[in-house]
Amino acid sequence: MTEHTKTDGLPAMEGVAAPQVLERSRPRNERMASDKIECNACPVLCQIAQGRAGACDRYANSGGELVRVDPVVLLRRTVGEDGGQVVPFLPGTGADSGASWDGDLLLAEDVFVTGVGSSTTYPDYKPAPFIVGSQHEGVDVVTVVTEGIFSYCSFKVKIDTDRYLGPEQANVRCKGEVVGHVTTAEYGSQMLSLGGVHHLTGGSKKEGRVTVEMMEALGNKRAVELTIDGGSQIIIQAGRAPIVNGVEEQRMRVGCGSATIGIFAKQLFGRVDEVVVVDDHITGVLSEHQAGRCLDMPPSGIQMRGRKSTPGRYFQVANPGTGWGGTDIADPLSIIEGWDAGVARPGMRLLMTSTTGEHASWYVLDERLQPVEQQMPADVQAIVDRIGENCEPSLATVLFLGGAGGSLRAGVTENPVLLTRSIKQALVNVTCGGAPAYVWPGGGITVMADVLRMPDNSFGTVPTPAIVAPIEFSMRLSDFKELGGHVGSVRPIAEVLRTGAWHNDGAPTARRVLHRAPANPWPLGRGPLLG
């Protein structure tokens, strides 16, 4: 016993050996062919022959060594000419590997290692494959990098259209399997919730397989065709216009019918006697609307169908559909009950338009007080055009939502709850492939990120089935020590760029440098997006 190991009366520890921890488990089947290796990167435990890949196509047997087949993706803050180039890691680990450097060392502080292609912490008793030490503005920082395996995850899809896609709570199907549902519509957009643990593991094997394939495609910015029970057939792709029943959407509505009336009331005043903005939500009538009253417009005598909410605002003038203003009507006059003969007069001018201006007609009342369609005056047409001009392009937005509150936290610290607390205390930034991730309030680490801000092909799958997604935790080195992080596994960024992950069991063998997306803040030196 040395001076430093005296125990002041406690039982001596000398001679007590630490338990042996295997880097990988022994094969389940002792009769496994000698040229195969058992992959332990996920619970499936594929036995992979030489030169072949596992069921996920992410890991392979290369010369008897398990490797991650894709390069780990790095982001560079400044623009260079080597974007996308794949550079093999050099063999050996440690600063004394003796390898020459290729010049990137000078830019090491402008490089961020993402979880894309980084490999996993599974079975979650070892440090994350990359725990990177670097400096940001003179402060020592650490980024813990891994690919998380997410069973509890989904995609929230925002579809900018006033077309009727289907009833709320309706099933959404892909290749005939239920993969999600229609959820609450938002202002100007229809919303879908796709994927999730219920469809991944709670249904049939086929439902789980189709769901995970759909989720991987959607997350990797590919087009997905879906059918909504009692509704439409749609094709959605992140950042692209949705296609509804074979027709590509063009515009997101400028507002509801009431809002459209208010926005353009002064411009229309004096050019019309009545305006009806057809909308599945609120159909607006100018002369009755408060905006028309403020302009001292006289009543027109128009009598509308539907349920009157407040003056100039009508609900349920028609059924939802893909016609005018998200209703099922093709003839706008069908929502007019009639005209009060004591108020209306021949020659009155009526504009009917949708909330996007895509549908618009101009009428003049004849002697029988019947609207007769005529050529729209140029100055009125210009206002209709302005309605369309104020509509933003219709897009599909795809947000990844995943729960990282489980086992992958063990790749950061032996006491995982300290990581959760540090995030909630704004000490740890959370990113997904370098993209900012919104952290939901409450327990656990539930994050949400826009897939368009993540590198291409960020998502993979495992056959359990589950989704694989990148995640990174960045913090000061002092905070990393405070939360009990795996300090012994921190490696300088220069060493990481040179030799790769700290282990060689399923690690990537190469790196690819991409340029940071211009809209994304640099992940280091900032707190998380807390809810």
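All of these numbers come straight from a predicted model, not from anything done at the bench.

Calculation criteria
Residues numbered from 1 in each chain as written. Predicted model: local features only at pLDDT ≥ 70, side-chain atom pairs only at ≥ 80, totals over all residues. Heavy atoms only, no water. Pairing = 2+ DSSP bridges. Helix = DSSP H or I, 4+ residues; strand = E, 2+ residues; numbered from the N terminus. Axes fitted to C-alpha atoms, helices over the stretch in contact; angles between N-to-C directions. Contact = heavy atoms within 4.5 Å. 1 Å grid on protein atoms, 1.4 Å probe; cavity = no way out; pocket = protein on both sides within 12 Å on 5 of 7 lines; lining within 4 Å. Points joined across faces, edges and corners; volume = space filled by probe spheres on them. Nonpolar A, V, L, I, M, F, W, Y, C, P; charged D, E, K, R; others polar. Domains from an automatic or database assignment. Buried area = accessible area lost by both parts, 1.4 Å probe. Salt bridge = Lys/Arg side-chain N within 4 Å of Asp/Glu carboxyl O. Left-handed = near helix turned anticlockwise from the far one by under 90°. Core = buried A, V, L, I, M, F, W, Y, C linked by side-chain atoms within 4.5 Å. Buried < 20%, exposed > 50% of the residue type's maximum accessible area, 1.4 Å probe, protein only. Patch = residues over 30% accessible without salt bridge, like charges linked within 9 Å, V, L, I, M, F, W, Y side chains within 5 Å. Areas by Shrake-Rupley, 256 points an atom, 1.4 Å probe, with all protein chains shown as cover. Polar contact = N/O pair within 3.5 Å; in protein donor to acceptor, adjacent residues only side chain to side chain. Disulfide = S-S within 2.5 Å.

A sheet is described by the order of its strands in space; here seven strands give the open sequence β21-β22-β19-β18-β24-β25-β26, paired in mixed fashion. Whereas interior strands pair on both sides, the edge strands pair on one side only; in this sheet they are β21 (307-310) and β26 (371-374). Going across the sheet, the axis of each strand differs from the next one's by a mean of 25°, ignoring polarity. As paired elements, strand β25 (residues 360-365) and β26 share four bridges and run antiparallel to each other. In the strand pairing of β26, tryptophan 362 is matched with glutamine 374. Across the sheet, helix α3 (residues 257-268) touches β18 (274-278), β19 (283-285), β22 (313-315) and β24 (349-354), and the angle it forms with β18 is around 150°. Contacts from helix α5 (residues 378-389) reach β24 and β25, with the element oriented near 20° to β24.

This part covers empty space enclosed by the protein. Following the criterion strictly, the structure yields three cavities of 30 Å³ or more and no others. Surrounding the largest cavity, 14 residues form its lining, Cys39, Cys42, Cys46, Cys56 and Tyr59 being those nearest its centre. Here the lining of the largest cavity is composed, by residue class, of twelve nonpolar, one polar and one charged.

Now for the domain arrangement of the protein chain. The domain architecture assigned to the protein chain consists of domain 1 (72-91 + 108-151 + 405-530), domain 2 (153-250) and domain 3 (257-377). Relative to domain 3, the C-alpha centre of domain 2 lies at a distance of 34 Å. In total, domain 2 and domain 3 occlude about 640 Å² of area from one another, counting both sides; carbon and sulfur atoms represent 48% of this. Per-residue buried area on domain 2 facing domain 3 is highest for Asp162, Arg163 and Tyr164; these three make up 79% of the total on that side. The tally of links between domain 2 and domain 3 comes to one salt bridge. Among the salt bridges present, the one from glutamate 358 reaches arginine 163, with a minimum N-O distance of 3.5 Å.

Turning next to the sheet that holds strand β7 (residues 111-113). Strands belonging to one sheet form pairs held by backbone hydrogen bonds; the direction of such a pair is parallel or antiparallel. One open sheet holds the four strands; their spatial order is β6-β36-β5-β7, and the pairing between them is mixed. Each of the sheet's edge strands pairs with one partner strand only, and the pair in question is β6 (86-88) and β7. The average undirected angle you get between the axes of adjacent strands in this sheet is 30°. Here three bridges tie β6 to strand β36 (residues 510-515), and the two strands are oriented antiparallel to one another. Paired with valine 86 across the two strands is arginine 512, which belongs to β36.

At a closest axis distance of 11 Å, the pairing of α3 and α5 adopts a crossing angle of 150°. Note on packing geometry: the crossing formed by α3 with α5 is right-handed. Between α3, through Thr260, Phe264, Gln267 and Leu268, and α5, the contact on the second element is made entirely by Ile383, Arg386 and Ile387. The residue makeup of the contact of α3 with α5, split by class, is four nonpolar, two polar and one charged.

The next point concerns the nonpolar core. In this structure, Leu192, Leu226, Ile236 and Phe473 are the most contacted members of the largest nonpolar core, which totals 58 residues. Both of domain 1 (72-91 + 108-151 + 405-530) and domain 2 (153-250) provide at least three residues apiece to this core. Among residues more than four places away in sequence, those in contact with leucine 192 are Phe155, Lys156, Val157, Ile159, Val172, His181, Val182, Thr183, Leu226, Ile228, Ile234 and Ile236. Among the nonpolar cores identified, the runner-up in size contains 21 residues, and Ile261, Ala265, Val384 and Ile387 belong to it.

Together, Tyr438, Trp440 and Leu529 make up a nonpolar patch on the protein surface, roughly 280 Å² of accessible area in all. Relative to the helices and strands, tyrosine 438 resides in strand β30 (residues 438-439). Classification of tyrosine 438 by relative accessible area gives partly exposed; the value is 30%.

Alternating positions in strand β14 (residues 224-228) separate cleanly, Val224, Leu226 and Ile228 being buried on one face and Glu225 and Thr227 remaining unburied on the opposite face. Two elements, strand β11 (residues 171-174) and β14, share two bridges in a ladder whose sense is antiparallel. Its bridge partner being in β14, valine 172 is matched across the sheet by isoleucine 228. Where β14 and strand β15 (residues 233-236) come together, four bridges link them in antiparallel fashion. Opposite valine 224, over in β15, you have isoleucine 236 as the bridge partner.

In this fold, serine 474 is placed in strand β33 (residues 466-476). A polar contact of 3.1 Å, which involves the side chain of serine 474, links it to the side chain of threonine 143. Excluding residues that lie within four positions of it along the chain, serine 474 makes contacts with Phe112, Val142, Thr143, Leu427, Val428, Asn429, Pro523 and Leu524.

Between threonine 464 and proline 465 the backbone carries a cis peptide bond, its omega angle lying at 0°. Here proline 465 shows up in the loop between β32 (460-462) and β33. Unusually for a residue other than glycine, aspartate 57 sits at a positive phi of about 65°. Considering the arrangement of structural elements, one finds aspartate 57 in the loop between β2 (47-49) and β3 (59-62). Its identity as a non-glycine residue notwithstanding, asparagine 245 has a phi of 50°, on the positive side. Secondary-structure assignment places asparagine 245 in the loop between β16 (243-244) and β17 (247-248).

Another point: the state of the cysteines. Tallied over the entire structure, the rule returns zero disulfides. The thiol of cysteine 56 is unpaired, and the distance to the nearest cysteine sulfur, on cysteine 42, comes to 6.2 Å.

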